[in-house]
Amino acid sequence: MSSIIIETTNENQLTVQEYVRFASIKEEVEKLMESAKIKQALGEKEKYLKGLSIDITIKYTIEKRS
């Protein structure tokens, strides 16, 4: 079965204000994925080939410069 994995690197480098904005961005991306019915569409495509699994990884990387 398909999955959507969200990974975040270095989010502990954010200030509280930045983290609040970052959390809002993550939420908006998740809503976009749901509204586009991406996971549902992937599941339907997996039915066409026995054993096929489609996974998407969304990776957020924060690189703050001092």
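See above for the structure.
Residues numbered from 1 in each chain as written. Predicted model: local features only at pLDDT ≥ 70, side-chain atom pairs only at ≥ 80, totals over all residues. Heavy atoms only, no water.

**Some words on the side chain of Ser2**
So, step 1. Of note, Ser2 is situated in the segment before β1 (3-9).
So, step 2. Ser2 sits in the buried class, given a relative accessible area of 3%.
So, step 3. The contact partners of Ser2, leaving out residues within four places of it in the chain, are Lys39, Leu42, Gly43, Glu46, Ile54 and Asp55. (Helix = DSSP H or I, 4+ residues; strand = E, 2+ residues; numbered from the N terminus. Buried < 20%, exposed > 50% of the residue type's maximum accessible area, 1.4 Å probe, protein only. Contact = heavy atoms within 4.5 Å.)

**Quick notes on the nonpolar core**
So, step 1. In this structure, Leu14, Phe22, Met33, Ile58, Tyr60 and Ile62 together form the largest nonpolar core, which totals six residues.
So, step 2. Put simply, the parts of the chain that give this core at least two residues each are α1 (16-35) and β2 (55-61).
So, step 3. In this view, Ile58 contacts Ile4, Ile5, Ile6, Glu7, Val29 and Met33; residues no more than four positions away in its chain are not counted. (Core = buried A, V, L, I, M, F, W, Y, C linked by side-chain atoms within 4.5 Å.)

**Side note on α1**
So, step 1. Taking 1.5 Å per residue, 20 residues should reach 28 Å; α1 reaches 29 Å between its end C-alpha atoms and fits that length.
So, step 2. Among the residues making up α1, those that are buried are Phe22, Lys26 and Met33. Along the long axis of α1, the arc covered by the buried residues comes to 40°, so they all point the same way. Opposite the buried face of α1, by more than 90 degrees, sit the exposed residues Val16, Gln17, Val20, Arg21, Leu32, Glu34 and Ser35. (Expected span 1.5 Å × (residues − 1). Arc of directions from axis to C-beta.)

**What about the packing of aromatic side chains?**
Any aromatic ring pair is given by two values, namely how distant the centres are and how the planes are angled relative to each other.
So, step 1. With the rule as written, the count across this model stands at two aromatic pairs.
So, step 2. Look at Tyr19 and Phe22: their rings are 6.2 Å apart centre to centre, the planes differ by 55°, and that puts the pair in the tilted class. Of this pair, Tyr19 and Phe22 both sit in helix α1, separated by three residues, roughly a single helical turn.
So, step 3. The class for Tyr19 is partly exposed, based on a relative accessible area of 38%.
So, step 4. A residue is classified by how much of its surface remains accessible, and Phe22, at 8% relative accessible area, is buried.
So, step 5. Taken together, the ring pairs in this structure connect Tyr19, Phe22 and Tyr60 into an aromatic cluster. (Phe/Tyr/Trp six-rings, centres within 6.5 Å; stacked < 30°, edge-to-face > 60°.)

**Digging into unusual backbone geometry**
So, step 1. If you check the backbone angles, Asn10 has positive phi at about 70° while not being a glycine.
So, step 2. Checked against the element boundaries, Asn10 lands in the loop between β1 and α1.
So, step 3. You can call Asn10 partly exposed: its relative accessible area is 31%.

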